[in-house]
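Here are the chains, one letter per residue:
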Amino acid sequence: MLKYIRLYDELHPFLYNLEGGRNNTGRILSVWKPEEISERMMWFRLVSPNTLIIPTIFRWENDFEKISDAIGLAGNVKVRDFHIRNILSEVEKYGYDGIDIDYEGMTCEKKEAFEEFLALLKEELHKRKKLLSVSIHPKTVAEQKTRFACSGLKAPIEVDYFEAYRGQLTHDYEFLGRTADKIKIMAYELHPRKNGFPGPGPQAPDWWIDKILQYAVERIPANKLYMAIPTYGYDWPLNCDLPSKSVYYSRAKFIREHWNPRMEQPTDVIKIYQTQAKAGDWIYLRPYLYRHEGHVYTDPSLWYRSGGCDRAAFYMNRTSFEKKMNILEKYKIRGFSFWQLIEDNDPEIHQYLEEKLGEGSKESSSP
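This is a predicted model, so every value here is computed, not measured.

When you go through the protein chain residue by residue, the secondary structure sums to nine helices and 18 strands. Against the compact-globule benchmark of 21 Å for 367 residues, the protein chain has a radius of gyration of 21 Å, which places it among compact chains. Put simply, the protein chain has 367 residues, and 55% of those count as buried. Residue pairs at least 24 apart in sequence account for 76% of intrachain contacts in the protein chain once pairs closer than 6 positions are excluded. Of the side chains in the protein chain, 52 bear a positive and 53 a negative charge, and the two mean positions are spaced by 1 Å.

See below:
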């Protein structure tokens, strides 16, 4: 973070989580010790005094970790208000410029409670001249509008987006556009790390980013909007049940140097399937080839054999990153956000950003 902080308008340390599992206490827990936060804040301010420091509070809902009490679901305002006080206390204690709320995968009945929580939090942050940032799920335009009746809500949810999933249903773009100061759309995990559906592919293909922005700019002010771009990919087995793996810069380099892969950029998955020699049925790609029809990806890929298994790895490099930045510039949004700023990102991506800065046009960005 210290090495590259000067390139960014904002830094979002992935720092906090909610205390409690199925029930929340309202407290937030940091992965850094208090003395580490103080020391790192000091260095951030010294190295890049104009960069805003807006840490993230993260929680992904699952069977054992909920976001119910923290947002005041079912009238539990005592824990919600205590949660807000805890956030404000942490912001003031360490001199943050605001807070980023990254509450993901919430079930639909939490929509109204989440919105009331954000409105109250924003009011208190603005009293202290602090900013509210919110990380949200991606959506694309639906062919037909529908209404989704969710038990526990005062009114049905108006669904004009394709992804009527858990999470998306609780993130209302128009409400968030009015309420938050900064909004980051998490445009990644279109092809998650799992064997089977939907199979190998890029995390944020250009066509998908374009469709997300088509929907978003009609509902969120462009000067608040950031597109979160992934710096990673995955490496999948194609014909044997072995684990998939994350792919950052070092992993892609290792594959190129050790397994003599077929290297493709751009990547035409249909063409590769038709021309690549196979050691067996590509059971984790063949059934899902229809998802790649009509798409040629700017993202790089590596196709190789290891451990008795055919494999495919997608990742991010400078060329694919530049293409995605061009889409963001077309829509004239506020900027981009990295997921995530780590040492194992392709160094040429930051070289590209430094070159852009050298042109006198500072990128508006947040890792």
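With that settled, consider the side chain of K130. Within the fold, K130 resides in the loop between helix 3 (111-127) and strand 7 (131-136). In terms of polar contacts, K130 uses its side chain to reach the backbone carbonyl oxygen of Y96, at 2.7 Å. For K130, the residues in contact, after removing those within four places along its chain, are V91, G95, Y96, D97, G98, L125 and D181.

All right, on to the domain arrangement of the protein chain then. You can read the domains of the protein chain as domain 1 (2-233 + 317-364) and domain 2 (235-314). For domain 1 and domain 2, the distance between their C-alpha centroids amounts to 30 Å. Domain 1 puts 32 residues into the contact, and the matching count from domain 2 is 26 residues. Between domain 1 and domain 2, the buried area comes to about 2,500 Å², and carbon and sulfur atoms account for 56% of it. When the area that domain 1 buries against domain 2 is broken down by residue, the three leading residues are N195, P200 and D344, summing to 26%. The interface formed by domain 1 and domain 2 holds one salt bridge in total. Residue K324 is joined to D299 by a salt bridge in which the shortest nitrogen-to-oxygen separation is 3.1 Å. Taken together, the connections running from domain 1 to domain 2 amount to 15 residue pairs in polar contact (both at pLDDT 80 or more). Among the elements of the structure, helix 5 (206-216) and helix 8 (318-331) are those that each provide at least two residues to the side of domain 1 that touches domain 2. Examining the composition of the side of domain 1 that touches domain 2, we find that four residues originate from one element, helix 8, more than from any other. Here the residues of the side of domain 1 that touches domain 2 sort into 12 nonpolar, 13 polar and seven charged.

Let us now look at the packing of aromatic side chains. The full count for this structure, using the stated rule, is 26 aromatic pairs. Feature note: the residues Y232, Y234, W236, Y248, Y273, W282, Y297, W303 and F314 constitute an aromatic cluster, connected by ring pairs. Between the NZ or CZ atom of R40 and the centre of the ring of W32, over which it lies, the distance is 4.6 Å.

Here we take up unusual backbone geometry. That bond from F197 to P198 is cis: its omega, 5 degrees, falls within 30 degrees of zero. Within the secondary structure, P198 sits in the loop between strand 10 (182-186) and helix 5. A positive phi angle is found at K129, which is not glycine, with a value near 60 degrees. Within the element layout of this structure, K129 appears in the loop between helix 3 and strand 7.

So, about the packing of helix 5 against helix 8. It is at 10 Å that the axes of helix 5 and helix 8 come closest, and there the two elements cross at 20 degrees. Judged on the interaxial angle alone, helix 8 and helix 5 are roughly parallel. With respect to the hand of their crossing, helix 5 and helix 8 are arranged in right-handed fashion. Of the residues in helix 8, those in contact with D206, I209, D210, L213 and Q214 of helix 5 are K323, K324, I327, L328, K330 and Y331.

This next bit is on the nonpolar core. Within the largest apolar cluster, 77 residues are counted, with the highest numbers of intra-cluster contacts made by I101, Y103, F117, M227 and F321. The contact partners of F321, leaving out residues within four places of it in the chain, are I229, M316, F336, F338, I349, Y352 and L353. Y188, Y232, W282 and A312 belong to the second largest nonpolar core, which has 18 residues in total.

A volume near 280 Å³ is recorded for the second largest pocket. Along the walls of the second largest pocket sit 19 residues, with E158, D160, Y161, D172 and E174 positioned nearest its centre. For the lining of the second largest pocket, the element with the most residues is strand 9 (residues 157-161), which contributes five residues. Considered class by class, the residues forming the lining of the second largest pocket number eight nonpolar, two polar and nine charged.

Ordered in space as 13-12-16-15-14, the five strands form an open sheet in which the pairing is antiparallel. Of all the strands in the sheet, the pair left with one neighbour each is strand 13 (245-247) and strand 14 (262-264). In this sheet, adjacent strand axes meet at a mean angle of 25 degrees when their direction is disregarded. Bridge analysis of strand 12 (residues 233-237) against strand 16 (residues 309-314) gives three bridges, and the strand direction is antiparallel. Its bridge partner lying in strand 16, D235 is registered against A313. Sitting on the sheet, helix 6 (residues 249-258) is in contact with strand 12, strand 13, strand 14, strand 15 (301-306) and strand 16, with an inclination near 55 degrees to strand 15.

Cut-offs applied
Residues numbered from 1 in each chain as written. Predicted model: local features only at pLDDT ≥ 70, side-chain atom pairs only at ≥ 80, totals over all residues. Heavy atoms only, no water. Helix = DSSP H or I, 4+ residues; strand = E, 2+ residues; numbered from the N terminus. Rg over C-alpha atoms; globule rule 2.2 N^0.38 Å. Buried < 20%, exposed > 50% of the residue type's maximum accessible area, 1.4 Å probe, protein only. Contact = heavy atoms within 4.5 Å. Lys, Arg positive; Asp, Glu negative; His and termini not counted. Charge placed at Lys NZ, Arg CZ, Asp CG, Glu CD. Polar contact = N/O pair within 3.5 Å; in protein donor to acceptor, adjacent residues only side chain to side chain. Domains from an automatic or database assignment. Buried area = accessible area lost by both parts, 1.4 Å probe. Salt bridge = Lys/Arg side-chain N within 4 Å of Asp/Glu carboxyl O. Nonpolar A, V, L, I, M, F, W, Y, C, P; charged D, E, K, R; others polar. Phe/Tyr/Trp six-rings, centres within 6.5 Å; stacked < 30°, edge-to-face > 60°. Lys NZ or Arg CZ within 6 Å of the ring centre and 35° of its normal. Axes fitted to C-alpha atoms, helices over the stretch in contact; angles between N-to-C directions. Parallel < 35°, antiparallel > 145°, perpendicular 65-115°, else oblique. Left-handed = near helix turned anticlockwise from the far one by under 90°. Core = buried A, V, L, I, M, F, W, Y, C linked by side-chain atoms within 4.5 Å. 1 Å grid on protein atoms, 1.4 Å probe; cavity = no way out; pocket = protein on both sides within 12 Å on 5 of 7 lines; lining within 4 Å. Points joined across faces, edges and corners; volume = space filled by probe spheres on them. Pairing = 2+ DSSP bridges.

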